[in-house]
Amino acid sequence: MDNRKFSLGLFLLLLLAFVLRSYGFSSQPPSADDLSAGLSAIRYMEGGQLGPTMWNHPVLRNILVYLSLQLLGGGIWGLKIVSLVLGTLSVPLLGAAARRILKDDGAALMAAFFLAVDPLHIDYSRQAVQEVYMPFFILSGILLSMKYMQKMKQTDRTSPLLLILSGVSFGLGLASKWYVAFPLLITCACLSYNAVRDSGDSSGKISKLIFHFSALIVLPLTIYLLTFAPWFARGYDLSEWAYLQKAMSLETATHTGYNPFTLELDHRASLWFIKPVAFADFILDGSRPVVLLGMSNPLVWLLTIPSTIFVLYRGIRERIADHLYLAALFWLTYIPFLLAHRPIWAHSAFSVIPFSFMAVSTSLVSLLKGKRFGRLSLLLYLISVVIIGAPLYLLATGKGLEIGWLRPLVERFRPGFER
Amino acid sequence: MTRFRNVYSAAIILLFLCSLNVLHREGKASRVFERIYSLSEANIPAYMLNRSSDLYSLWKKKGLRGRIVLHMGRYFHFVSAENALHFGGIGDFEEAREWVRRGAETSVTERNFLWVAVEHDIAREIYHLLPRSSFGQLLEKARPEERDDEGIITSYYGSKRVITDRIPHLHEPVLLNIDASFFESSDVAAIAAELKESGLKVDLLTLCLSEDNPDVSTVERERLREFSRVFRRL
């Protein structure tokens, strides 16, 4: 596929993602999380005070939501536009990153399509909380790093700015949630491995390694640290910042949700790719209840485990470095969630679904390419994804209780104390 | 190319070190102190206050900010106001900002004045020094990860709160408030001597009779007055 066609494909997916995420945006009432995010943003930026919501997570959301509240006022758009923009832009970013990793334009566009129509991602692109920030920053960090790496292979004179921008991106991701550290470290390790293996004198290699460390470890840490400037302004010093990180990690390690009902929802990472998982937010719009039910699309998510294993297998057998990189990104990010003792809800899967979608798309393309009825099969599969996704979209945008045949599904998520 | 990479690496590392330095320094510079005394000095000025709300008003009036508060008393005074921390709805952004700036201060009581002090940046850390009998009961209930050498460590959205039964060793001058409720025990002289020998530095020493706390007895208030007389003589 030539560049123009690919770019057109990405643009169309961007439009699709925007339409799906913004339709009815203004009329969707804010949830308790949305309002708490707004309050947390004001408290943080005007007084350096953390909380009330997600104080144990890094603070970039507070900064970005505050800026959008300043620009757009205290309405729905001011509260939630950051998620809408970053969620939408993640789609073409995934396509661009996938193109570099998979070296297959069709598979790359398919991966971006999966994200564009993913009901859980759509749900959270319409909320003020920061869940969709991380895929955006991870993907832009990876894309910039890969551009840098590929240019380095062609010529040793590539501009370091690409990697610096990657570090900035990863740093902003780290300042959204800590799990961005996993794909960051994997990317840094890959780059450094390539640097060591490349031809060249040892001083050049050492220079590269130091630069990779500076751009991808020191710089993200600097950005992470600087986002705490309003907090330092309350009179804190570095030793107290270290204490704060410890307190945050203790809360993160033991957090069981702000509402006992959330423990009735899927809260194990091991379930993400073996059954459809969901998260529900309950809102009262006047006296009318609205339920935002974000559920994974099983036709895509349930192919993840076999696809990532297939990608790993191909990477080892055929020595495809990019496949090994993709498999490492998925598994080395997913395994820590599997090992966590505390509840982990479905939206934390955004840490790995970009990689999951890449693995699924490339596996499908690899298996069906050149086969008889291969294209038709892929087309039928994609149509099925849309057909299954349509009612899930209605659930994710809070329409479930308004549509008779969807009500029983929403009712299954009614909190136990109400039944 | 190697030289340019090295320059970028050095610049990034320098930026990191500068960030550490600036944030640390500016953070400390944000703290507001008055004239500092060692508790071992004679004739330290002390304010005898009737009510907890008077104490909060005094801190506010003096413009104190970003401080460690050492509160000696039986109660925590850390109950958050009802419907506090609630963004009432999609409304005027300025209204929400004003609430964040002033909301907690509109209802300062003996139940919450330390919480208000944290909310409004007067206190960044609080040490609750409890009478020994009260502390013992709490220590039994604390989770293992909450305990350390200082006492029971907890946090309010990351702001450290330490619950202890011993005078802490702190290098930084503190806001010291001695509440009448601390004087369950009648050994006023021992408490005064222990404070004098503690090495603590203060810039504001307050003695609060807690007349707005119905659980503080007349005997405890009288012991606080006696403590004031003994402390001045030491």
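Being a predicted model, the structure only gives us computed values, none of them experimental.

### Observations regarding the pairing of strand β4 (residues 123–129) of chain B
All names here are of chain B.
Then comes step 1: Most of β4 is tucked away, with seven of its seven residues classed as buried.
Then comes step 2: Relative to β4, strand β3 (residues 67–72) runs parallel, the two sharing six bridges. Bridged to His71 within β4 is His128.
Then comes step 3: Relative to strand β7 (residues 159–164), β4 runs parallel, the two sharing four bridges. Across the sheet, the residue bridging to Tyr127 is Val162, located in β7.

### A short note on the nonpolar core
Then comes step 1: Counting residues in each nonpolar core, the largest one holds 195 residues, and the members touching the most others are Trp272 of chain A together with Trp59 and Phe227 of chain B.
Then comes step 2: With 13 residues, helix α7 (residues 133–154) of chain A is the single largest residue contributor to this core.
Then comes step 3: Other than its neighbours up to four places away in sequence, Trp59 of chain B contacts Leu64, Val69, Phe113, Leu114, Ala117, Ile122, Leu175 and Leu204 of chain B.
Then comes step 4: Ranked by size, the runner-up nonpolar core spans five residues in total, among them Leu130, Phe135, Ile152 and Ile163 of chain B.

### Considerations on the confidence of the model for chain B
Then comes step 1: For chain B, per-residue confidence averages 90 on the pLDDT scale, and 95% of positions sit at 70 or higher.
Then comes step 2: Model confidence for the complex is summarised by a pTM of 0.94, with the ipTM given as 0.93.

### Quick word on the environment of Ile76 of chain A
Then comes step 1: The topology assignment puts Ile76 of chain A in helix α4 (residues 76–102).
Then comes step 2: For Ile76 of chain A and Phe25 of chain A, which are 51 residues apart along the polypeptide, the C-alpha to C-alpha distance reads 8.0 Å.

### Re the state of the cysteines
Residue and element names in this part refer to chain A.
Then comes step 1: This structure, assessed with the given rule, holds zero disulfides over all chains.
Then comes step 2: Cys188 takes part in no disulfide bond, and the closest cysteine sulfur, belonging to Cys190, lies 9.7 Å away.
Then comes step 3: The exposure class assigned to Cys188 is buried, which follows from its relative accessible area of 8%.
Then comes step 4: Look at Cys190 and you get partly exposed, because its relative accessible area is 25%.

### Focus on unusual backbone geometry
Then comes step 1: Cis geometry is found at the peptide bond from Gly51 of chain A to Pro52 of chain A, where omega equals 10°.
Then comes step 2: Turning to its location among the elements, Pro52 of chain A is positioned in the loop between α2 (32–47) and α3 (60–72).
Then comes step 3: The phi dihedral of Tyr157 of chain B falls on the positive side, at around 45°, and the residue is not glycine.
Then comes step 4: Mapped onto the fold, Tyr157 of chain B is located in the loop between β6 (151–156) and β7.

### A closer look at the pattern of salt bridges
Then comes step 1: A full pass over the atoms with the stated rule returns 35 salt bridges over all chains.
Then comes step 2: The partner of Arg234 of chain A in a salt bridge is Asp121 of chain B, and the shortest N-O contact between them spans 2.7 Å. Of this pair, Arg234 of chain A sits in the loop between α11 (229–232) and α12 (238–254) while Asp121 of chain B sits in the loop between α4 (113–119) and β4, which puts the two residues in different chains.
Then comes step 3: The buried category is assigned to Arg234 of chain A, whose relative accessible area is 1%.
Then comes step 4: The shortest N-O distance in the salt bridge between Glu98 of chain B and Arg102 of chain B comes to 3.7 Å. Of this pair, Glu98 of chain B and Arg102 of chain B both sit in helix α3 (residues 93–102), four residues apart, roughly one helical turn.
Then comes step 5: By relative accessible area, which is 44% here, Arg102 of chain B ends up partly exposed.
Then comes step 6: One salt-bridge network, in which partners are shared between bridges, spans Asp237 and Glu240 of chain A together with Arg31, Arg124 and Glu172 of chain B.

### Some remarks on the layout of surface pockets
Then comes step 1: By volume, the second largest pocket is sized at about 540 Å³.
Then comes step 2: In terms of lining residues, the second largest pocket is bounded by 19 residues, among which Tyr243 and Leu250 of chain A together with Ile153, Thr154 and Ser155 of chain B are the most central.
Then comes step 3: Only α12 of chain A together with β5 (147–148) and β6 of chain B provide two or more residues apiece to the lining of the second largest pocket.
Then comes step 4: Per-element tally for the lining of the second largest pocket: the top contributor is α12 of chain A, with six residues.
Then comes step 5: Class assignment for the residues of the lining of the second largest pocket results in seven nonpolar, three polar and nine charged.

### Section: the packing of aromatic side chains
For any pair of aromatic rings, the description rests on two quantities: the centre-to-centre distance and the angle between the ring planes.
Residues and elements named next belong to chain A.
Then comes step 1: Throughout the structure, instances matching the rule amount to 29 aromatic pairs over all chains.
Then comes step 2: Geometrically, the ring pair formed by Tyr179 and Phe337 is edge-to-face, given 5.4 Å between the ring centres and 70° between the ring planes. Taken as a pair, Tyr179 in the loop between α8 (161–174) and α9 (181–197) and Phe337 in helix α15 (residues 321–339) lie far apart in primary sequence, 158 residues in all. Neither residue differs from the other here; Tyr179 and Phe337 are each classed as buried.

### Here we look at helix α10 (residues 202–226) of chain A
Then comes step 1: For α10 of chain A, which comprises 25 residues, the first-to-last C-alpha distance of 34 Å matches the rise-based estimate of 36 Å (1.5 Å per residue) to within 8%.
Then comes step 2: The sharpest bend along α10 of chain A comes to roughly 35°, located at Ser214 of chain A.

### Topic: the packing of α4 of chain A against helix α5 (residues 105–116) of chain A
All names here are of chain A.
Then comes step 1: Close contact between α4 and α5 brings their axes to 8 Å; oriented N to C, the two are set at 150°. Looking at the two axes, α4 sits roughly antiparallel to α5. Pair α4 / α5 crosses with right-handed handedness. When α4 is examined against α5, the residues Ser90, Val91, Leu94, Gly95, Ala98, Arg99 and Leu102 are found in contact with a partner set consisting of Asp105, Ala107, Ala108, Ala111, Ala112, Leu115 and Ala116.

### Side note on a nonpolar patch on the surface
All names here are of chain A.
Then comes step 1: On the surface, Phe373, Leu376, Leu379, Leu380, Ile383 and Ile387 cluster together into a nonpolar patch covering about 600 Å² of accessible area.
Then comes step 2: In this structure, Leu380 sits in helix α17 (residues 374–396).
Then comes step 3: Relative accessible area serves as the criterion here: at 48%, Leu380 is assigned to the partly exposed category.

### Concerning the interface of chain B and chain A
Then comes step 1: With 46 residues of chain B in contact, the opposing surface of chain A contributes 55 residues.
Then comes step 2: Summing the contributions of chain B and of chain A, the shared interface buries around 4,500 Å²; its carbon and sulfur component is 65%.
Then comes step 3: Where Asp237 of chain A meets Arg31 of chain B, a salt bridge forms, and the shortest distance between an N and an O atom there is 3.1 Å.
Then comes step 4: Our count for the contact surface shared by chain B and chain A stands at 21 residue pairs in polar contact (both at pLDDT 80 or more).
Then comes step 5: Where the side of chain B that touches chain A is concerned, the elements lending two or more residues are α1 (2–29), α3, α4, β4, β6 and β7 of chain B.
Then comes step 6: Among the elements that line the side of chain B that touches chain A, the one with the most residues is α1 of chain B, at 15 residues.
Then comes step 7: The residue makeup of the side of chain B that touches chain A, split by class, is 19 nonpolar, 15 polar and 12 charged.

About the cut-offs
- Residues numbered from 1 in each chain as written.
- Chains lettered and ligands numbered in written order.
- Predicted model: local features only at pLDDT ≥ 70, side-chain atom pairs only at ≥ 80, totals over all residues.
- Heavy atoms only, no water.
- Buried < 20%, exposed > 50% of the residue type's maximum accessible area, 1.4 Å probe, protein only.
- Helix = DSSP H or I, 4+ residues; strand = E, 2+ residues; numbered from the N terminus.
- Pairing = 2+ DSSP bridges.
- Core = buried A, V, L, I, M, F, W, Y, C linked by side-chain atoms within 4.5 Å.
- Contact = heavy atoms within 4.5 Å.
- pLDDT = per-residue confidence, 0-100.
- Disulfide = S-S within 2.5 Å.
- Salt bridge = Lys/Arg side-chain N within 4 Å of Asp/Glu carboxyl O.
- 1 Å grid on protein atoms, 1.4 Å probe; cavity = no way out; pocket = protein on both sides within 12 Å on 5 of 7 lines; lining within 4 Å.
- Points joined across faces, edges and corners; volume = space filled by probe spheres on them.
- Nonpolar A, V, L, I, M, F, W, Y, C, P; charged D, E, K, R; others polar.
- Phe/Tyr/Trp six-rings, centres within 6.5 Å; stacked < 30°, edge-to-face > 60°.
- Expected span 1.5 Å × (residues − 1).
- Bend = angle between axes of the 7 residues up to and from the residue.
- Axes fitted to C-alpha atoms, helices over the stretch in contact; angles between N-to-C directions.
- Parallel < 35°, antiparallel > 145°, perpendicular 65-115°, else oblique.
- Left-handed = near helix turned anticlockwise from the far one by under 90°.
- Patch = residues over 30% accessible without salt bridge, like charges linked within 9 Å, V, L, I, M, F, W, Y side chains within 5 Å.
- Areas by Shrake-Rupley, 256 points an atom, 1.4 Å probe, with all protein chains shown as cover.
- Buried area = accessible area lost by both parts, 1.4 Å probe.
- Polar contact = N/O pair within 3.5 Å; in protein donor to acceptor, adjacent residues only side chain to side chain.

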